[in-house]
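# What the coordinates show
Letter by letter, the chains look like this.
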Amino acid sequence: MRKKRLSPTLGLGFMIAGVVFLVSPMLAVVDVLPDFIGYALIMKGIYCLSDMDDRVSEARGLFRRMVILGLARFAAIFFIFGMASPTERPTLQLLCAFAFAVLDCITLIPAWKSLCNGFIYLGTRHDSTAIFDRCYPGRKIRSNKTLTERTFSYTLFFLVAREVMSVLPELAVLNHESGGADAGNRTMVYEFIGLMRGMSAVLVLILGIVWLARIIPFLRHLMKDRPFFDKLCHKYETEVLTRPELFARRSVKLAMVFLCVGLCFTLDFFLDDVCVTPDFMLGILSIIGLLILRKHVKTPFWKGALAVAGAYILLTAGEWILQLGYFKMSDGGSAYRHAEVYEHWMTMNYVRGVTVLCGILLLFMLVMVLMMAVNQYTGFSVTAYDSAHPNARVAELHKALHSRLWVAFGLGVAASLASLVHMLVLPVMDGSLWELWIFADVVLSGVFVAFFIHTVSVIFEQIDYKYMLS
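Okay, so let's go over this structure. (Residues numbered from 1 in each chain as written. Predicted model: local features only at pLDDT ≥ 70, side-chain atom pairs only at ≥ 80, totals over all residues. Heavy atoms only, no water.)

## Overview of the overall build of the protein chain
In plain terms, the rule: Here a strand is any run of E in DSSP of at least two residues, a helix any run of H or I of at least four, and the numbering for each starts at the N terminus. The buried label goes to any residue with under 20% of its type's maximum accessible area, the exposed label to any with over 50%, and the partly exposed label to all in between, with areas taken from a 1.4 Å probe on protein chains only. The contact criterion used throughout is that any non-hydrogen atoms of two residues lie within 4.5 Å. Per-residue and other accessible areas were derived by the Shrake-Rupley procedure at a 1.4 Å probe size, with only the shown protein chains allowed to occlude residues.
Along the protein chain, the regular secondary structure elements total 17 helices and 4 strands. Per-residue burial for the protein chain yields a buried fraction of 47% across its 470 residues. Intrachain contacts of the protein chain at a sequence separation of at least 6 include 76% that bridge at least 24 residues. Per element, the accessible surface of the protein chain, about 23,700 Å² overall, is 66% carbon and sulfur.

Right under this line is the structure:
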């Protein structure tokens, strides 16, 4: 295995780039600099440290949740401004802003506390001076608290205040929606919602600049503690890099995450007759996942799987373009009204049929690759029964996981065929029958994606279980 080249600061510099993304104010659910990018960079910055301390590892896991919440907040923008009616948007902005603020605070407070405790623990174990300094070189000591404690305390203050300020202006909608004798006067308050958002943004920006003026110098000061980082690098080289199975396990799990995210794009969401979750993203993310798995999983399906994924991208992209043209030409009417629209509809159905077959073949390839990954990275026996029949116990586990994957494949085939039938009968269906079929198609696709993701989570548990015991 090629030796990994370590950064002198173990990549902590990425954390400086990450905190810059957290300084921007949030206007309800709109975040100028997306938080999920910032937290992803912070995760990258503490990646190596998380391998050497459980507290930093816990913080990294919580930052991963912040990335997910950030993506959900980003998706909420399309829902509020694309699907909701203008009269519903103010209320939805308040509800979403409040919900995300609560979830963010529940996650970010323990995340930053765990990171602070992890820094202090590593500094104690490896004789850091920067972590326990009470002032910067050349300055007077003005507090009994260390720079680490003061920096992380202000970090929590700023991030919580930022969440609160994203909600406060939206409370004006309560005044806007209420009735009564003085409803006209109360409505005037909501008319100044733009001004209130602006004032909130300015206040958050000022606090954010003060925060950056604290946390960036602290991180730079920490990275200058060369004896501390030299000891950490030595520890990482001797205790972490000597375990290649750790990195293989992470790569396998990362690849499976890409596959799960790709399958989520098979759930169709439309905004103004435009599908904002195009199926070709499944092909793109499948290729990324397969290329990651290729280094760690032995299987003869690589070339076939990559070729099918490439064909799936071309077919789904063509279908997506044809679908845009169909909705524009039909304008919500029947395909039988005009010969040109009918011809376009038939072409779209031909492409859809080939796409469904290609998608089923791609899913089959992915299931076969995942089965190979299950055989290599799961299965460890420690019980009395296992000591006598270890191979039988492992084979039983593999069979159970394979069965779950085959069930997921069956659900995927059913969902694909249901969507094909939906497309074929789309122009001739109307009324309650059309709505019922749409509901059945959506439910079946959702069940498939949910079951597949749950199956992957079970595989994750077995992978961790094996390497924990071994």
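## Things to note about the pattern of salt bridges
Definition in use: For salt bridges, the criterion is a side-chain nitrogen of Lys or Arg within 4 Å of an Asp or Glu carboxyl oxygen.
Evaluation of the coordinates by the stated rule reveals 15 salt bridges. A salt bridge links Arg162 to Asp35; the shortest N-O distance between them is 2.8 Å. Of the two residues, Arg162 sits in helix α6 (residues 147-167) while Asp35 sits in helix α2 (residues 35-45), which places them 127 residues apart along the sequence. The class of Asp35 is buried, set by a relative accessible area of 6%.

## Topic: the environment of Ile453
Mapped onto the secondary structure, Ile453 falls in helix α17 (residues 431-469). Given the relative accessible area of 34%, Ile453 is considered partly exposed. Residues Ile453 and Ala408, 45 residues apart in the sequence, show an inter-C-alpha distance of 9.3 Å. If near-sequence neighbours (up to four positions away) are discounted, Ile453 is found in contact with Cys260 and Cys264.

## Some thoughts on unusual backbone geometry
Negative phi values dominate among residues other than glycine, just as trans dominates among peptide bonds. Despite not being glycine, Leu10 shows a phi value in the positive range, around 55°. In this structure, Leu10 sits in the segment before α1 (13-20). When its relative accessible area of 3% is taken as the criterion, Leu10 is described as buried. For Asp127, which is not glycine, the phi torsion reads 55° and is therefore positive. Locating Asp127 in the fold gives a position in the loop between α5 (89-125) and α6.

## Some remarks on the packing of aromatic side chains
What describes a pair of aromatic rings is the distance from one ring centre to the other and the angle between the planes of the rings. Stated precisely, the cut-off is as follows: Only Phe, Tyr and Trp rings take part, Trp by its six-membered ring, and two of them pair if their centres are within 6.5 Å. Stacked means planes under 30 degrees apart, edge-to-face means over 60, and tilted covers everything else. Only lysine NZ and arginine CZ atoms are considered, and such an atom sits over a ring when it is within 6 Å of the ring centre and within 35 degrees of the ring normal.
Following the criterion strictly, the structure yields 14 aromatic pairs and no others. Between the aromatic rings of Phe280 and Trp320, the centroid separation amounts to 5.8 Å while the plane-to-plane angle is 75°, which identifies the pairing as edge-to-face. Of this pair, Phe280 sits in helix α12 (residues 280-293) while Trp320 is found in helix α13 (residues 302-330), placing the two residues 40 residues apart along the sequence. Three or more aromatic residues joined by ring pairs make a cluster, and in this case those are Tyr39, Phe63, Trp112, Phe119, Phe152 and Phe218. One Lys or Arg, Arg214, reaches over the ring of Tyr154 and ends 4.7 Å from the middle of that ring. Over the aromatic face of Phe460 sits the side chain of Lys253, whose NZ or CZ is 5.2 Å from the ring centroid.

## What about the nonpolar core?
Applicable threshold: The criterion is simple. A nonpolar core is a set of buried Ala, Val, Leu, Ile, Met, Phe, Trp, Tyr and Cys residues joined through side-chain atoms within 4.5 Å.
One finds Tyr39, Phe63, Trp112 and Leu115 to be the most contacted residues of the largest nonpolar core, which totals 60 residues. Ranked by residue count, the leading element in this core is helix α9 (residues 193-223), at 9 residues. Setting aside anything within four residues of it in sequence, one finds Leu115 in contact with Met15, Ile46, Val56, Ala59, Phe63 and Phe152. Core analysis: the next-biggest nonpolar cluster, separate from the first, contains 46 residues, Leu290, Val297, Met371 and Ile463 among them.

## A closer look at empty space enclosed by the protein
Operational definition: Residues are said to line a cavity or pocket when one of their atoms sits within 4 Å of a point; the points come from a 1 Å grid over protein atoms alone, cavities being sets where a 1.4 Å probe fits but cannot get out and pockets being open sets with protein on both sides within 12 Å along at least five of seven lines. Grid points are joined across faces, edges and corners, and a volume is the space filled by probe spheres set on the points. Amino acids are sorted into nonpolar (Ala, Val, Leu, Ile, Met, Phe, Trp, Tyr, Cys and Pro), charged (Asp, Glu, Lys and Arg) and polar (every other residue, Gly among them).
Under the criterion given, the structure shown has 1 cavity of 30 Å³ or more. Space inside the largest cavity adds up to approximately 40 Å³. Along its surface, the largest cavity is lined by Leu12, Leu49, Phe119, Leu122, Ile131, Leu222, Phe228, Phe229 and Leu232. The biggest single contributor to the lining of the largest cavity is helix α10 (residues 226-239), with 3 residues. Each residue belonging to the lining of the largest cavity can be placed in one class, and the counts come to 9 nonpolar, no polar and no charged.

## Overview of the side chain of Arg249
Within the secondary structure layout, Arg249 lies in helix α11 (residues 244-264). Those residues in contact with Arg249 that sit more than four places away from it in its chain are Ile463, Asp464 and Tyr467.

## Details of the packing of α5 against α6
Test applied: Where helices are involved, their axes are fitted lines through C-alpha atoms of the stretch in contact, as for all axes, and angles between N-to-C directions lie from 0 to 180°. Here the angle decides the label: under 35 degrees means roughly parallel, over 145 means roughly antiparallel, 65 to 115 means roughly perpendicular, and every other value means oblique.
Running from N to C, α5 and α6 cross one another at 175°; their axes reach a closest spacing of 9 Å. As summarised for this structure, α5 and α6 are arranged roughly antiparallel, according to the angle between their axes. Residues of the contact of α5 with α6, tallied by class, amount to 18 nonpolar, 3 polar and 3 charged.

## Describing the packing of α11 against α12
Where α11 meets α12, the closest approach of the two axes is 8 Å, and the angle between their N-to-C directions is 170°. When the axes of α11 and α12 are compared, the pair comes out roughly antiparallel. Touching Ser251, Val252, Leu254, Ala255, Phe258, Leu259, Val261, Gly262 and Leu263 of α11 are Leu282, Leu285, Ser286, Ile288, Gly289, Ile292 and Leu293, all from α12. Here the residues of the contact of α11 with α12 are counted per class, giving 12 nonpolar, 4 polar and no charged.

## A short note on α5
Cut-off, in case you're wondering: An expected span of 1.5 Å times one less than the residue number is assigned to each helix.
Here α5 spans 52 Å end to end across 37 residues, near enough to the 54 Å set by a 1.5 Å rise per residue. Immediately beyond the C-terminal end of α5, within one or two residues, lies Asp127, with a positive phi of roughly 55°.

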